[in-house]
Amino acid sequence: MRVLIKPDYDSCSKWAAEYIVYKIKLARPTAAKPFVLGLPTGSSPLGIYQELIKQNKEGKVSFQNVVTFNMDEYIGLPPDHPQSYCRFMWDNFFNFIDIKKENVYMLDGMTRDYVSECQRYEEAIQKVGGVNLFLCGIGTDGHIAFNEPASSFASRTRIKLLKPETTKANARFFGGDSTQVPEKVLTVGIGTIMDADEVMLIASGKNKQEAIRQTIEGGVNHLCPASILQMHEHAIVICDECAADKLRPDTIKYFKNIERANMVKK
């Protein structure tokens with residue numbers, strides 16, 4: 001696991017966006033062989049999306065041959081609902097870059113056949129050759145996508161019932177009313193995420209300190225789903241100084257020394 005500890009959220013976002021741009025350009029994607037991104041919603045990736053929009057407008061990267069798969073969607077919210085994740089992605093990212101609409105894959109929260117919808121999603125990922133880079137946020141309890149504690153590490157895209165703590169945390173997007181937050185979601189599984197060539201996780205702020213500590217220093221444990229990234233061959237965790245505050249001083253020193261050495265080699 002590669003761990004980068006940056007001064008603040010903005011520097012985390014900028015580094016992550018520049019890395020995504022670097023990987024896209026390195027791949028030289030074509031229509032026949034696109035670069036495939038897995039993408040999250042929420043507040044964590046917003047800075048990354050803003051920086052990617054900027055670089056796209058400046059002509060530094062094109063998304064013409066990029067395919068995206070979103071992590072999850074609320075069940076019962078139509079795509080144009082203000083709090084649907086489909087709407088979130090178009091409002092905050094897709095509407096401002098040169099991505100083709102047919103290259104954007106979303107889970108259908110209005111489906112009545114959850115099993116078929118989840119199978120369709122997994123098959124669509126396989127059809128394009130798998131995800132090259134999956135970007136993730138992390139919950140305060142260590143969840144990634146909507147894979148909450150005790151989720152199977154082998155899980156695939158499926159329906160999930162959210163725990164009360166999660167609906168309460170997401171109430172801020174629904175006017176503070178947790179009763180308006182859908183209780184069920186469709187989400188990619190941990191196994192789906194781990195199949196990606198690379199996984200990049202971003203975290204910032206005091207409320208992510210314990211999750212980051214367990215993800216990096218704890219053992220691999222299904223009670224902290226993000227800890228499975230320790231087992232990924234190419235996992236990157238980017239966090240700010242605040243989110244890293246519960247890491248042992250020796251841990252912080254170790255990872256910072258590695259990055260300094262990498263900078264010298266460049």
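This is a predicted model, so every value here is computed, not measured.

S.K.: Just give me the short version of the nonpolar core, but keep the residues and values in it.
M.R.: With 41 residues, the main nonpolar core has Phe134, Ile193, Leu201 and Ile212 as its most contacted residues. Considering each element in turn, this core owes the most residues, four residues, to helix α4 (residues 114-127). Ile193 has contacts with Met71, Phe134, Cys136, Ile144, Ala145, Asn147, Val188 and Val199, leaving out every residue within four places of it along the chain. Residues Phe35, Leu37, Val66 and Ile238 belong to the second largest nonpolar core, which totals 35 residues.

S.K.: Got a sec to walk through the pattern of salt bridges? Specific residues and values, please.
M.R.: Once the charged atoms of two side chains with opposite charge are near each other, the side chains can pair. Applying the stated criterion across every chain yields a total of 15 salt bridges. Between Arg120 and Glu117 there is a salt bridge; the shortest N-O distance is 2.6 Å. Of the two residues, Arg120 and Glu117 are both situated in helix α4; the distance of three residues between them amounts to about one turn of the helix. A relative accessible area of 8% means that Glu117 is categorised as buried. Taking the shortest distance from any N to any O, the salt bridge between Glu217 and Arg248 comes out at 3.9 Å. Highlighted residues: Glu217 in helix α7 (residues 209-217) and Arg248 in the loop between β10 (235-240) and α8 (249-265), separated in sequence by 31 residues. Owing to a relative accessible area of 51%, Arg248 belongs among the exposed residues under this scheme. Here the residues in one salt-bridge network are Lys14, Glu18 and Glu51, joined through shared partners.

S.K.: Requested: an account of the packing of helix α1 (residues 9-27) against helix α2 (residues 46-57), with residues and values cited.
M.R.: Close contact between α1 and α2 brings their axes to 8 Å; oriented N to C, the two are set at 50°. The angle between α1 and α2 falls in the class oblique. α2 is crossed by α1, and the crossing has right-handed handedness. The residues of α2 that touch α1, namely those facing Tyr9, Ser13, Lys14, Ala16, Ala17, Glu18, Ile20 and Val21, are Leu46, Gly47, Ile48, Glu51, Leu52 and Gln55. Broken down by class, the residue content of the contact of α1 with α2 amounts to eight nonpolar, three polar and three charged.

S.K.: Can you explain the sheet that holds strand β7 (residues 158-161)? Please cite residues and give values.
M.R.: Spatially, β4-β8-β7 is the arrangement adopted by the three strands of the open sheet, whose pairing is antiparallel. Two strands bound the open sheet, and with one partner strand each, they are β4 (72-74) and β7. Neighbouring strand axes in the sheet, compared pairwise and without regard to direction, differ in orientation by 25° on average. Two strands pair when backbone bridges link them, and β4 and strand β8 (residues 184-187) are joined in this way by three bridges, in the antiparallel orientation. Residue pairing in the sheet places Tyr74 in a bridge with Val185 of β8.

S.K.: Describe in detail the packing of α2 against helix α3 (residues 85-92), supporting the description with residues and values.
M.R.: Interhelical geometry of α2 versus α3 gives an angle of 40° and a closest axis separation of 10 Å. Considering their axes alone, α2 and α3 lie oblique with respect to each other. Contacts from Leu46, Tyr49 and Ile53 in α2 reach Phe88, Met89 and Asn92 in α3.

S.K.: Outline unusual backbone geometry, listing residues and values.
M.R.: With a phi close to 50°, Arg28 is a non-glycine residue in the positive phi region. Positionally, Arg28 belongs in the loop between α1 and β2 (35-39). The exposure class assigned to Arg28 is exposed, which follows from its relative accessible area of 70%. Within the chain, Ala145 stands out as a residue other than glycine whose phi angle is a positive 50°. Locating Ala145 in the fold gives a position in the loop between β6 (133-136) and β7.

S.K.: Explain the environment of Val131 residue by residue, including any values.
M.R.: Relative to the elements of secondary structure, Val131 occurs in the loop between α4 and β6. When the C-alpha positions of Val131 and Thr192 are compared, they lie 9.0 Å apart, and in sequence the two are 61 residues distant. Excluding residues that lie within four positions of it along the chain, Val131 makes contacts with Val36, Leu37, Gly38, Ile125, Ala196 and Asp197.

S.K.: Can you break down α2 residue by residue, with the values?
M.R.: Taking 1.5 Å per residue as the helical rise, α2 with its 12 residues ought to reach 16 Å, and the 17 Å between its terminal C-alpha atoms agrees with that figure. Within α2 the residues assigned to the buried category are Gly47, Ile48, Tyr49, Glu51, Leu52, Ile53, Gln55 and Asn56. Each element contacted by the buried residues of α2 is listed here: α1, β2, α3, β6 and β9 (198-203). Two residues or fewer after α2 comes Gly59, characterised by a positive phi angle close to 80°.

Rules used in this analysis
Residues numbered from 1 in each chain as written. Predicted model: local features only at pLDDT ≥ 70, side-chain atom pairs only at ≥ 80, totals over all residues. Heavy atoms only, no water. Core = buried A, V, L, I, M, F, W, Y, C linked by side-chain atoms within 4.5 Å. Buried < 20%, exposed > 50% of the residue type's maximum accessible area, 1.4 Å probe, protein only. Helix = DSSP H or I, 4+ residues; strand = E, 2+ residues; numbered from the N terminus. Contact = heavy atoms within 4.5 Å. Salt bridge = Lys/Arg side-chain N within 4 Å of Asp/Glu carboxyl O. Axes fitted to C-alpha atoms, helices over the stretch in contact; angles between N-to-C directions. Parallel < 35°, antiparallel > 145°, perpendicular 65-115°, else oblique. Left-handed = near helix turned anticlockwise from the far one by under 90°. Nonpolar A, V, L, I, M, F, W, Y, C, P; charged D, E, K, R; others polar. Pairing = 2+ DSSP bridges. Expected span 1.5 Å × (residues − 1).

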